[in-house]
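Letter by letter, the chains look like this.
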Number of protein chains: 6
Amino acid sequence: MTLHILNPNSSRVVTDGIDAAIDPMRAVSPVEIRCHLLAEGPAGIETQAHVDGVVLPLLAQARALEDGASAFVVACFSDPGLAALREQSRKPVLGIGESAYLTALTLGQRFGILSIKRGSVARHIKTLGAMGLLDRLAADRPIDLGVAELSDRARTFARLTEIGTRLRDDDSADVLILGCAGMASYRLDLENTLGIPVVDPCQAATAMAIGRIALARCS
Amino acid sequence: MTLHILNPNSSRVVTDGIDAAIDPMRAVSPVEIRCHLLAEGPAGIETQAHVDGVVLPLLAQARALEDGASAFVVACFSDPGLAALREQSRKPVLGIGESAYLTALTLGQRFGILSIKRGSVARHIKTLGAMGLLDRLAADRPIDLGVAELSDRARTFARLTEIGTRLRDDDSADVLILGCAGMASYRLDLENTLGIPVVDPCQAATAMAIGRIALARCS
Amino acid sequence: MTLHILNPNSSRVVTDGIDAAIDPMRAVSPVEIRCHLLAEGPAGIETQAHVDGVVLPLLAQARALEDGASAFVVACFSDPGLAALREQSRKPVLGIGESAYLTALTLGQRFGILSIKRGSVARHIKTLGAMGLLDRLAADRPIDLGVAELSDRARTFARLTEIGTRLRDDDSADVLILGCAGMASYRLDLENTLGIPVVDPCQAATAMAIGRIALARCS
Amino acid sequence: MTLHILNPNSSRVVTDGIDAAIDPMRAVSPVEIRCHLLAEGPAGIETQAHVDGVVLPLLAQARALEDGASAFVVACFSDPGLAALREQSRKPVLGIGESAYLTALTLGQRFGILSIKRGSVARHIKTLGAMGLLDRLAADRPIDLGVAELSDRARTFARLTEIGTRLRDDDSADVLILGCAGMASYRLDLENTLGIPVVDPCQAATAMAIGRIALARCS
Amino acid sequence: MTLHILNPNSSRVVTDGIDAAIDPMRAVSPVEIRCHLLAEGPAGIETQAHVDGVVLPLLAQARALEDGASAFVVACFSDPGLAALREQSRKPVLGIGESAYLTALTLGQRFGILSIKRGSVARHIKTLGAMGLLDRLAADRPIDLGVAELSDRARTFARLTEIGTRLRDDDSADVLILGCAGMASYRLDLENTLGIPVVDPCQAATAMAIGRIALARCS
Amino acid sequence: MTLHILNPNSSRVVTDGIDAAIDPMRAVSPVEIRCHLLAEGPAGIETQAHVDGVVLPLLAQARALEDGASAFVVACFSDPGLAALREQSRKPVLGIGESAYLTALTLGQRFGILSIKRGSVARHIKTLGAMGLLDRLAADRPIDLGVAELSDRARTFARLTEIGTRLRDDDSADVLILGCAGMASYRLDLENTLGIPVVDPCQAATAMAIGRIALARCS
């Protein structure tokens, strides 16, 4: 049996980054963990059309994996297809956005979100409204870096630290969430620098999925 | 290393029931799981004074277990001492009330709570307000059975089914939570009878703790 | 120029019903109004996979109509593709679900929703959370009739009246919304019988779109 | 038949400004549109006593116009007398504050309000609470200009741009509302400068009233 | 100095009832307490036009009493003119609706409202939204008795008991509020019958005003 | 009979400060007012373990005072033991945190909290969620002064003014709350400097208790 992590974009680099992020959990997972990209997906999920457009191929991919699956994780912070996949599958299904929020709820009173792009903030707010979690949001602030800047690790970490400090000090966040699937490599350093917990969504969802696989033993 | 489940009352029967409820998860847990009662606790947590009064002995009990602990679960639906234990311990700490709510959030849009006593409803509502989750509550309805009736399994199941049906049909709950630590043995039958997921809080919290132990590998 | 009403299912009967429902507004519309079905859509939008699956063909359909369009209405109560179409089009875009809610906000303090199926209630609640409108919801109650019963007009009206009475008297709704695209023919009779306003979503959205076309003159 | 826009203050200048703001919509309106001032009203609605005090004369004015009215718009951002006029009239009644909020809901996820005076912010927040819309508010910030400064168009526009930029960048507003009846002439330039939609309340309400007049054909 | 209780209707009977309701507090009040009717007011506040229409004469009445006033209480459950009177007066001003809600917040987790007429429920909900207190409302249910029935004390008490029981048992209210100024004579019996606190708004506001007069000594 | 103010820490200085703060109300109080420290309490309530740990000795202290008590005030802004003491006592029980919030609700639309330490902000937010009052919170900002700085009155007042100004101007608070039991001596100066009401929690609670003692005459 396998825990399938479904990255709904077609990027091998992002998928490998997710694999590396969750790799330390393999040692204690009761099942194999495999990370998949979606060949039919875009290079990155950036627009609402991307979010909606990946659902049907994602459902097809998951349907093919259903029989040997212990659980599924949808590995995009916008949780595309999460509701549809829960409707389709008889196995536990978790989204990395939802799991990051739920994990943060146990680590602080108000979470701050470090988004990549300004344009995604409204989408997060809408999702948090749909989840009924807006009262736990401190603020969602974009780091607003372009592709070139994001490839500069020192620049990216400095910006994460700057915006994270603002979320902590001005917005009273006592836990932070990395608002995208590919920032796990900054998590621990950021946590140590800021002195409050920082949640990586892929790690949070994989951890919850491992728990849910255990829970399924009670049925 | 051990996952410690701390029942803050002094009942051996309740503690053994919790142990039985989470036993199937031992097969996939990366660490030993031990259930403890609290010798200084009351026979049952029924009043606000009970909730507040168990905190100091619970903290002392956890402090003695800290070094060998992978994680702690506070096993009373009112989550007594949860905030204080998180403040004290460097290990993951989960409450069964909180974990039941968070698990239910991933299984439906609005959860119904099957409380034992009418008197606990207000306490649950207050906790849900503190957690910012009231928009996800369908309703909280007591089964209002006395001790004698609760010892009659058929009577108890009939009443759980009756109130659960009301929560599902009149209050539009699409997932139910058993609002106390000792009802796990009814969970699966109730789920099958009502056709919607039913969450046992001890199982939910243990599952989340297993996930959190995995997550700790990423630090 | 044309106001395009896009029914995202492939049913000619439903599309004709929508056309009849909004027909009286043609006399005062500054532009032509055309109702379209979606050939690639399912016979009815019933599942989350349906909701997500129609988005790409709907976007393609709207893209082909963009140049001559004054505005678009997405004519399914679940508002599939609403956010994506707003992202794509430079013209006003309205969804019938959203428009029904906004119209109801001006006609009463708390609206009741008459859903067809129990299964859609959770989806409505989630949408209302995303829209931040849950405080204005009295209750959402399904009439739960099957296809055969729905074809019996007297039976359907009796059931709408029964559930509408409950929403008005038990749940304190002072305005009702027909929670589906095909019930407009019952609207006026139901309003007269219950004595509170009843909103048909297709009519509400078409009216708002006519207003928005007027508003566009100010740019 | 006529759409009556009722400015509840006695200023001819403000009334003429409203008339100019909505003038482009006359070309597509199915009925004549007339703007009225309230002779018994104050020069401007600035205090709660003003808000409450204009209701009775406003009701009298509307009563005299009832027979030939297609709809009424109350043209003060505080929506004085809106509930009372709805109670009195059998025609559609819209307030410019309410209409601005509802229109903004379809143009972005969180709206920012550009208020004239700090003292009106609390009144807006209270109204938004009464409407159940606080979750959609990004922030309400006053431009805090005096009468002399407001008569300097360049100064006013610069200040609107400054505060609008803050609402967009610090408060994550993705749509703005001009929080008073007399700022329409800045709307388009501000929208172009800031790159997000800007709603003028008089225009929004007139557009909604035109839609509502169309909707009335369905009864 | 005097605590002035301003009943904004013109009924001597209602005013005398208020006087009787608060009379036991005179023994411990540091100032004289006087109840006034409003000659210009209607016989009863029943419509929104009544609510808005009494504000100006109420302000005039209070202005004439300002110098010798220790505090003001507006004695109608709809709190007409409360905001305007606070704006006008330099003395503490309390409304009986607001005071009833605030008092109930300290006596239970969720309050039920016993309204007289169905038509006032929406107005209460709107006020509670403006006050941000909707999460504390269990339900608002009308007793819906006509004038003749209200003059029958046994009939009225039976109906209060019936609806109060429903609020307690079905809606989980743990404190009740009498939603009108003239029901104080039933309060104690109802409280004893139902076993949960029952708040009379005139008494609650007078008590808070006495406290506020004490607080003013600290300035 | 006596109004007992129970400071749950063991500091004589703090208790004397509370006594001085409420002293002006003694002249109009119908009963004696006595301030107590809690010998078993910590020097100050700073952690969650402190909050939970003082409950049992506080209950014991109150039990010994019950017979001669008119009312109790729990005099720590975190309101430790408030729910438990209400459960135990037949007399009115008020907490200073709760009373400060309720008083602020009548003095403005959105309150700002001046906390001492950053670490207490999350606890306040949680309490406000439990009370359902988050929509009335403008912001909670710490003055973050150490013990040495707090003993410097000029330094402390300057910092209160600085953060109070920010709460008023950036966060739109129109009333402020001193978020701790020992700041009453700054209240009036701060109010005069900032031009908006400032609430001291001990004074607010004592005033409400005096009102509640009056109210008890109606039973």
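Residues numbered from 1 in each chain as written. Chains lettered and ligands numbered in written order. Predicted model: local features only at pLDDT ≥ 70, side-chain atom pairs only at ≥ 80, totals over all residues. Heavy atoms only, no water.

1. Notes on the sheet that holds strand 1 (residues 2–6) of chain B
Residues and elements named next belong to chain B.
Thought 1: Strand order across the open sheet formed by four strands is 2-1-3-4, with parallel pairing between neighbours. Strands with a single pairing partner mark the edges of an open sheet, and in this sheet they are strand 2 (32–36) and strand 4 (93–95). Strand-to-strand twist in this sheet, taken as the mean axis angle between neighbours without regard to direction, amounts to 20 degrees.
Thought 2: Helix-sheet contacts for helix 10 (residues 201–215) involve strand 1, strand 2, strand 3 (69–74) and strand 4, and the interaxial angle to strand 3 is about 155 degrees. (Pairing = 2+ DSSP bridges. Helix = DSSP H or I, 4+ residues; strand = E, 2+ residues; numbered from the N terminus. Axes fitted to C-alpha atoms, helices over the stretch in contact; angles between N-to-C directions. Contact = heavy atoms within 4.5 Å.)

2. A look at unusual backbone geometry
Residues and elements named next belong to chain B.
Thought 1: Even without being a glycine, Asp79 presents a positive backbone phi close to 50 degrees.
Thought 2: A positive phi angle, near 50 degrees, is found at Asp144, a position not held by glycine.
Thought 3: Within the secondary structure, Asp144 sits in the loop between strand 6 (137–142) and helix 7 (147–150).

3. Considerations on the side chain of Arg159(F)
Residues and elements named next belong to chain F.
Thought 1: Within the secondary structure, Arg159 is located in helix 8 (residues 153–169).
Thought 2: Polar contacts involving the side chain of Arg159 include one to the side chain of Glu162, which spans 3.0 Å.
Thought 3: The contacts of Arg159, once residues within four sequence positions are left out, are Pro142, Ile143 and Leu145. (Polar contact = N/O pair within 3.5 Å; in protein donor to acceptor, adjacent residues only side chain to side chain.)

4. Looking at the relation of the copies chain D and chain E
Thought 1: Expressed as a screw transformation, the operator carrying chain D onto chain E has a rotation angle of 180 degrees and an axial translation of 0.0 Å, and the superposed copies differ by an RMSD of 0.0 Å. Taken together, the rotation and translation relating the two chain copies correspond to the operation of a two-fold axis. If distances are taken from each C-alpha of chain D to the rotation axis, the shortest is found for Ala130(D), at 2.0 Å.
Thought 2: Most of the interface of chain D is mirrored in chain E, where 100% of its interface residues are also at the interface. (Least-squares fit on C-alpha atoms with pLDDT ≥ 70 in both.)

5. Topic: the interface of chain D and chain E
Thought 1: Across the contact, 14 residues belong to chain D and 14 residues belong to chain E.
Thought 2: At the boundary of chain D with chain E, total buried surface from both sides reaches about 1,200 Å², with 65% on carbon and sulfur atoms.
Thought 3: If you look at where chain D meets chain E, you find zero salt bridges.
Thought 4: Joining chain D to chain E, the criterion identifies four residue pairs in polar contact (both at pLDDT 80 or more).
Thought 5: Those elements giving two or more residues to the side of chain D that touches chain E turn out to be helix 2 (48–53), helix 3 (55–65), helix 4 (82–88) and helix 6 (121–131) of chain D.
Thought 6: Ranked by residue count, the leading element in the side of chain D that touches chain E is helix 2 of chain D, at four residues.
Thought 7: Across the side of chain D that touches chain E, the residue classes break down as seven nonpolar, four polar and three charged. (Buried area = accessible area lost by both parts, 1.4 Å probe. Salt bridge = Lys/Arg side-chain N within 4 Å of Asp/Glu carboxyl O. Nonpolar A, V, L, I, M, F, W, Y, C, P; charged D, E, K, R; others polar.)

6. Examining the relation of the copies chain F and chain E
Thought 1: The transformation that overlays chain F on chain E combines an axial shift of 0.0 Å with a rotation of 180 degrees, and the residual RMSD is 0.0 Å.
Thought 2: Looking at chain F, 100% of its interface residues are interface residues in chain E too, so the copies touch through the same face.

7. Digging into helix 6 (residues 121–131) of chain B
Residues that lie three or four places apart on an α-helix share one face, since the helix turns once every 3.6 residues.
Thought 1: For helix 6 of chain B, a buried count of eight out of eleven residues is recorded, marking the element as mostly surrounded by other parts of the structure.
Thought 2: Taken residue by residue, helix 6 of chain B has Val121(B), Arg123(B), His124(B), Ile125(B), Leu128(B), Gly129(B), Ala130(B) and Met131(B) as its buried positions.
Thought 3: Buried residues along helix 6 of chain B sit in contact with helix 2 (48–53), helix 5 (96–105), strand 5 (111–115) and strand 6 of chain B together with helix 6 (121–131) of chain F.
Thought 4: Of the residues flanking the end of helix 6 of chain B, it is Gly132(B), one or two places downstream, whose phi is positive at about 70 degrees. (Buried < 20%, exposed > 50% of the residue type's maximum accessible area, 1.4 Å probe, protein only.)

8. Examining the packing of helix 8 (residues 153–169) of chain C against helix 9 (residues 187–194) of chain C
Residues and elements named next belong to chain C.
Thought 1: Relative to each other, helix 8 and helix 9 sit at 45 degrees, their axes nearing to 10 Å. With respect to their mutual orientation, helix 8 and helix 9 come out oblique. Remark: the crossing between helix 8 and helix 9 carries right-handed chirality. Between helix 8 and helix 9, the residues in contact are Phe157, Leu160, Thr161, Gly164, Thr165 and Arg168 and Asp189, Leu190, Thr193 and Leu194, respectively. (Parallel < 35°, antiparallel > 145°, perpendicular 65-115°, else oblique. Left-handed = near helix turned anticlockwise from the far one by under 90°.)

9. Observations regarding the packing of aromatic side chains
For any pair of aromatic rings, the description rests on two quantities: the centre-to-centre distance and the angle between the ring planes.
Thought 1: Per the counting criterion, the structure on display carries 18 aromatic pairs over all chains.
Thought 2: Ring geometry for Phe77(A) versus Tyr101(A): centroids 5.6 Å apart, planes at 65 degrees, classification edge-to-face. Here Phe77(A) is found in the loop between strand 3 (69–74) and helix 4 (82–88), whereas its partner Tyr101(A) is found in helix 5 (residues 96–105), with 24 residues between them in sequence. Each member of the pair Phe77(A) and Tyr101(A) is classed as buried.
Thought 3: Where Phe157(F) meets Tyr186(F), the ring centres are 6.5 Å apart and the plane angle is 20 degrees; that geometry is what we call stacked. Taken together, the residues Phe157(F) in helix 8 and Tyr186(F) in the loop between strand 7 (175–178) and helix 9 (187–194) connect sequence positions 29 residues apart.
Thought 4: Every member of this aromatic cluster is reached through a ring pair, and the members are Phe77(A), Tyr101(A) and Phe111(A). (Phe/Tyr/Trp six-rings, centres within 6.5 Å; stacked < 30°, edge-to-face > 60°.)

By themselves these figures say nothing about function.
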